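Letter by letter, the chains look like this.
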Amino acid sequence: MGLQCGAVAPLRFACQPNCTRCCEVKGYVYLTEDDLVRAAKFVNMTPAAFETKYVIRYRHLLRFRKPRAGQCHFLQNGGCSIHPVKPAQCRLYPFWPELVENSIAWIGEEHECPGIGKGDLVQIGTACEIASEMKRAYPSMYPQPGSPK
Ligand code: SF4
Ligand code: SF4
């Protein structure tokens, strides 16, 4: 089922080579239960061992622990060491609902992401579908009307 999307204009985006800025922004990296299982398999750990080492579990959310230096354990040698299985929020950035649905926020995000405003146009339907995937991945962050609290 499609979720509501308020994107008002086609957006332009192309991820820039050798850029890791979104991995260095202050904040938490949230992951889904599926992300946890996939990442654990990728680094040859059991989900339980991976969770103990790298993850903090809240009631409705999981996030990576932060290393002492930097923002993410998996940012290594100038790239994501778990790129093929990186969490949904990493994979779907910058098409997050709060950016896709707010043109001022999207334009403002250019300061964080040099790929915004570059490359081919991304049609509204595509941007909305990606934003909807974000909402499905993190339902507690994006509660829908009528969803349980
Ligand atoms: S900040 Fe933007 S351009 Fe840079 S790696 Fe992240 S998504 Fe790509
Ligand atoms: S998991 Fe990978 S893509 Fe996500 S913040 Fe960490 S290094 Fe960056």
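That block above? That's the structure.
From a predicted model like this one, the values you see are computed outputs, not experimental measurements.

Rules behind the numbers
Residues numbered from 1 in each chain as written. Chains lettered and ligands numbered in written order. Predicted model: local features only at pLDDT ≥ 70, side-chain atom pairs only at ≥ 80, totals over all residues. Near = placed C-beta within 6 Å. Nonpolar A, V, L, I, M, F, W, Y, C, P; charged D, E, K, R; others polar. Buried ≥ 20, exposed ≤ 12 C-beta atoms within 10 Å, placed from the backbone. Helix = DSSP H or I, 4+ residues; strand = E, 2+ residues; numbered from the N terminus. Arc of directions from axis to C-beta. Contact = placed C-beta atoms within 7 Å.

K.L.:
With reference to specific residues and values, describe the site of ligand 1.
P.N.:
What surrounds ligand 1 is the set Cys15, Gln16, Cys19, Thr20, Arg21, Cys22, Tyr93, Pro94, Cys113, Pro114 and Gly115. Partitioned by chemical class, the residues of the shell around ligand 1 number seven nonpolar, three polar and one charged.

K.L.:
Lay out helix H2 (residues 33–42) with the relevant residues and their values.
P.N.:
Three or more residues of H2 are buried, namely Asp35, Leu36, Ala39 and Ala40. Buried residues of H2, seen end-on, are gathered within an arc of 125° and therefore sit on one face of the element. Projecting away from the buried face of H2 at angles above 90 degrees are the exposed residues Glu33 and Asp34. The inward-facing, buried residues of H2 contact strand E2 (30–31), helix H3 (47–54), strand E3 (55–57), strand E4 (62–64) and helix H4 (88–92).

K.L.:
Pulling in residues and values, what's your account of the site of ligand 2?
P.N.:
Inspection of the region around ligand 2 gives Cys23, Val29, Cys72, Phe74, Leu75, Cys80, Ile82, Lys86, Pro87 and Cys90 as its neighbouring residues. Residues that form the shell around ligand 2 fall into these classes: nine nonpolar, no polar and one charged.

K.L.:
How would you explain the environment of leucine 92 if you had to name every residue and give the values?
P.N.:
Assignment of secondary structure puts leucine 92 in helix H4. Those residues in contact with leucine 92 that sit more than four places away from it in its chain are Ile130, Glu133 and Met134.

K.L.:
Describe unusual backbone geometry, naming the residues involved and giving the relevant values.
P.N.:
Tyrosine 93 connects to proline 94 through a cis peptide bond whose omega is 5°. With respect to the helices, strands and loops of the structure, proline 94 is situated in the loop between H4 and helix H5 (97–100). Residue asparagine 44 is not a glycine yet carries a positive backbone phi of 60°. Inspection of the secondary structure puts asparagine 44 in the loop between H2 and H3. What makes asparagine 44 exposed here is the crowd of 8 C-beta atoms within 10 Å. In this structure, asparagine 77 is a non-glycine residue whose phi angle is positive, near 50°. Summarising the element assignment, asparagine 77 is placed in the loop between strand E5 (75–76) and strand E6 (79–80). Since 6 C-beta atoms lie within 10 Å of it, asparagine 77 is described here as exposed.

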